[in-house]
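Summary of the model geometry
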Amino acid sequence: MEKKIIGIVFGGRSGEYEVSLLSAASVIRAIDKTKFDLVYIGIDKEGQWYLVPKAYKQEEGGKVREITADLIEDGSWLKAAAKIIPGDIKGLVDFALPVMHGPYCEDGKIQGFFEMLDIPYGGCGVLASAAAMDKLTAKDIFRQHGIPVCADEAVTRSDMASDKEGVLDRIEKSLGYPCFVKPANMGSSVGVSKASDRKALEDALTLALEFDRRIIVEEFVNCRELETGIMGNDYPEAAAVGEILPSAEFYDYEAKYLSSGASKICIPADISEETREQLRTLAVKAYQAIDGEGFARVDFFIDKDTEKIYLNEINTIPGFTKFSMFPMLWEEAGVSYAQTIERIIELGYERYNIKNSR
Ligand SMILES: Nc1ncnc2c1ncn2[C@@H]1O[C@H](COP(=O)(O)OP(=O)(O)O)[C@@H](O)[C@H]1O
Ligand SMILES: [Mg+2]
């Protein structure tokens, strides 16, 4: 079989631009280059698309090494890259592998763009991506499917403008304190805060409104955080279950990406066999409920006091460095990092071929 050209698409117009660079560099280093040729497509923070040329470095002893991944990782790729029109990728790649997170990247928008260009791509399609990114919509779908989620209230910008005190009363009455305030459509804990009184709640709502016009306020769950990875189209399978041991009070942006090494992940999670199977079954069910394809990471809360399980969220393009939870959960299940990447490409082709044979 001729080698397919995989376009590694990274960067993007989201707060998780830097995380994407780390994920993409890791994927580039690990992907099996005897099976795939690579083309690097970068998107800067303004949304401009670039073709990144392959870069080489002469090492002592005359050895020449491709160092594109290093330049992507440290952000200097932009200096050497040539602007392209987004649609140009149709002629540059056989397959697009978006390794990027957050709005415009993980929420169905770029997926829709690949669909329009008729390019096969890795990961969830438009519907699953958009549904998973919107915390209010995702939880509505989970409830419809009998998947347990914690109690919440929806608040819109117009609710706040027309009756702020009424909104605060409603939340106090139904959820109480502390509660968690999050923009409906963000990621990486951006704009997320925990509120312990009325003043803090008002401030948290105001902050969250800077990021989205719809907000979700949730009851506070004093919880352990457990996650599993799913891969598959029609027959999704769950990987091992891992636990996040956050360094900060909650798993915020700082704890996730900045204070590196401070938050620990524990694989496999120290839970009973019964709980593990429950989580893996629920994760597959939730993935199917949003019409997941390719892969996703499914995140749970387990209440420390009652041991009740809640589905927190599905991330359709989870962190993807070699040391990120998703690939490590598959390593634990016997699938290497390189094999995970290859499987995601296979699943993207499978979906594309089925669609095109109809
Ligand atoms: N209802 C909640 N109760 C307790 N902690 C929460 C709650 N919601 C979120 N958190 C904490 O905040 C973190 C980020 O929230 P999450 O909903 O996962 O948003 P993001 O999409 O930014 O990852 C979680 O990993 C968890 O530590
Ligand atoms: Mg999360």
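Source: prediction; values computed, not measured.

1. Quick notes on the overall build of the protein chain
What the protein chain contains, in helices and strands, is 13 helices and 16 strands. Considering only C-alpha atoms, the protein chain reaches an extent of 65 × 50 × 45 Å along its principal axes. In the protein chain, 68% of the contacts between residues at least 6 apart in sequence involve partners at least 24 apart. Accessible surface for the protein chain amounts to roughly 16000 Å². Of this, 51% is attributable to carbon and sulfur atoms. If the 42 positive side-chain charges of the protein chain are averaged to one point and the 59 negative ones to another, these points end up 3 Å apart.

2. Observations regarding the pattern of salt bridges
Inspection of every chain in the model, using the stated rule, returns 32 salt bridges. For E313, the salt bridge is made with K135, and the minimal N-O distance between the two is 3.1 Å. Residue E313 is located in strand β16 (residues 309-315), and its partner K135 is located in helix α7 (residues 135-144); the two are separated by 178 residues in the primary sequence. Neither E313 nor K135 differs from the other in exposure class; each is buried. Between E165 and R198 there is a salt bridge, and its shortest N-O distance comes to 2.6 Å. Of the two residues, E165 is situated in helix α8 (residues 157-174) and R198 in helix α9 (residues 198-209); the sequence distance between them amounts to 33 residues. Overlapping salt bridges bring together K139, D140, R143, D152, K182 and E218 as one network.

3. What about the pairing of strand β11 (residues 214-219)?
When a strand is regular, its side chains alternate between the sheet's two faces. Both strand β8 (residues 152-156) and β11 contribute to a ladder of five bridges, which runs antiparallel. Note on β11: the bridge partner recorded for T156 is R214. Bridge analysis of strand β9 (residues 179-183) against β11 gives five bridges, and the strand direction is antiparallel. Among the inter-strand pairings, F180 is bridged to a residue of β11, identified as E218.

4. Quick notes on the sheet that holds strand β7 (residues 95-98)
Reading across from one edge, β6-β3-β2-β1-β7 is the order of the five strands in this open sheet, with mixed pairing throughout. In this open sheet, the two strands that pair with only one neighbour each are β6 (82-84) and β7. Neighbour-to-neighbour, the strand axes of the sheet open up by a mean angle of 35°, direction not taken into account. Of the strand pairs in this sheet, strand β3 (residues 49-52) and β6 are connected by three bridges, and their pairing is antiparallel. Within the sheet, the bridge partner assigned to L51 lies in β6 and is A82. Strand contacts of helix α1 (residues 17-30): β1 (4-11), β2 (36-43) and β7, with the helix running at about 155° to β1, the strand carrying the most contacts.

5. Description of the nonpolar core
Core analysis: the largest hydrophobic core is formed by 40 residues, its most contacted members being I8, W77, L97 and F320. Both domains that furnish three or more residues to this core are identified here as domain 1 (4-121) and domain 2 (133-148 + 222-356). Residue contacts for F320: discarding those within four places in its chain leaves S23, S26, V27, V99, H101, F295, F326, P327, Y337, T340, I341 and I344.

6. Points about the environment of G75
The residue G75 is located in the loop between α2 (68-73) and α3 (77-80) in this model. For G75, a relative accessible area of 27% corresponds to the partly exposed category. Once the C-alpha coordinates of G75 and Y17 are considered, the two residues, 58 residues apart in sequence, prove to be 9.8 Å apart.

7. Focus: the domain arrangement of the protein chain
Where the parts come together, the accessible area they lose is often given as the size of the interface. Once the domains are mapped, the protein chain shows domain 1 (4-121), domain 2 (133-148 + 222-356) and domain 3 (152-219). Taking only C-alpha atoms, the centre of domain 1 and the centre of domain 2 are 24 Å apart. With 31 residues of domain 1 at the contact, the number on the domain 2 side is 23 residues. When domain 1 packs against domain 2, the two sides together hide about 2200 Å² of surface, and 64% of this comes from carbon and sulfur. Linking domain 1 with domain 2 are two salt bridges. Notably, a salt bridge pairs K35 with E342, separated by 3.0 Å at the nearest N-O pair. The interface formed by domain 1 and domain 2 contains ten residue pairs in polar contact (both at pLDDT 80 or more). Of all the elements in the fold, those that place two or more residues in the side of domain 1 that touches domain 2 are β1, α1, β7 and α5 (109-117).

8. Some remarks on the packing of α8 against α9
Put simply, α8 and α9 touch, their axes get as near as 11 Å, and they point 145° apart. In the packing of α8 onto α9, the handedness of the crossing is right-handed. Contact residues: R157, M160, K164, E165, V167, L168, D169, I171 and E172 in α8; R198, L201, E202, L205 and L209 in α9. Looking at the contact of α8 with α9, its residues break down into seven nonpolar, no polar and seven charged.

What counts, and where the lines are drawn
- Per-chain numbering applies: the sequence of each chain, read as written, is numbered from 1 onward.
- Here chains are named by letter from A upward and ligands by number from 1 upward, in the order in which they appear as written.
- For a predicted model such as this one, the threshold for reporting local features is a pLDDT of at least 70, and the threshold for listing and counting side-chain atom pairs is 80 or more; totals across whole chains, interfaces and linings nevertheless cover every residue.
- Only heavy atoms go into the side-chain values, all of them from the structure, while hydrogens and water stay out.
- A helix here means a DSSP run of H or I that spans at least four residues, while a strand means a run of E at least two residues long, and both kinds are numbered starting from the N terminus.
- Only heavy atoms enter the contact rule, under which two residues are in contact if any of them lie within 4.5 Å.
- With residues, only the protein chains shown are counted as cover, and all accessible areas are computed by Shrake-Rupley using a 1.4 Å probe.
- Positive charges are assigned to Lys and Arg, negative charges to Asp and Glu, while His and the chain termini are left out of the count.
- Every charge is mapped to an atom, namely NZ of Lys, CZ of Arg, CG of Asp or CD of Glu.
- Counted as salt bridges are all cases of a side-chain nitrogen of Lys or Arg within 4 Å of a carboxyl oxygen of Asp or Glu.
- Exposure classes here rest on a 1.4 Å probe applied to the protein chains alone. A residue is buried below 20% of its type maximum, exposed above 50%, and partly exposed in between.
- In this description, strands pair whenever DSSP reports at least two bridges between them.
- Axis definition: a line fit to C-alpha positions, over the contact stretch in the case of helices; interaxial angles, taken between N-to-C directions, run 0 to 180 degrees.
- We define the nonpolar core as a collection of buried residues of types Ala, Val, Leu, Ile, Met, Phe, Trp, Tyr and Cys that are connected through side-chain atoms lying within 4.5 Å of one another.
- Segmentation of the chain into domains, including their bounds, is taken from an automatic or database domain assignment.
- Buried area: the sum, over both parts, of the accessible surface (1.4 Å probe) that disappears when the two are put together.
- Pairs of N or O atoms are called polar contacts if they sit within 3.5 Å, as long as, within protein, a hydrogen donor faces a hydrogen acceptor (for residues adjacent in sequence, only side-chain-to-side-chain pairs).
- Handedness of a helix crossing follows the sense of rotation of the near helix relative to the far helix, less than a right angle counterclockwise being left-handed and clockwise being right-handed.
- In this classification, the charged set is Asp, Glu, Lys and Arg, the nonpolar set is Ala, Val, Leu, Ile, Met, Phe, Trp, Tyr, Cys and Pro, and all remaining amino acids, among them Gly, are polar.

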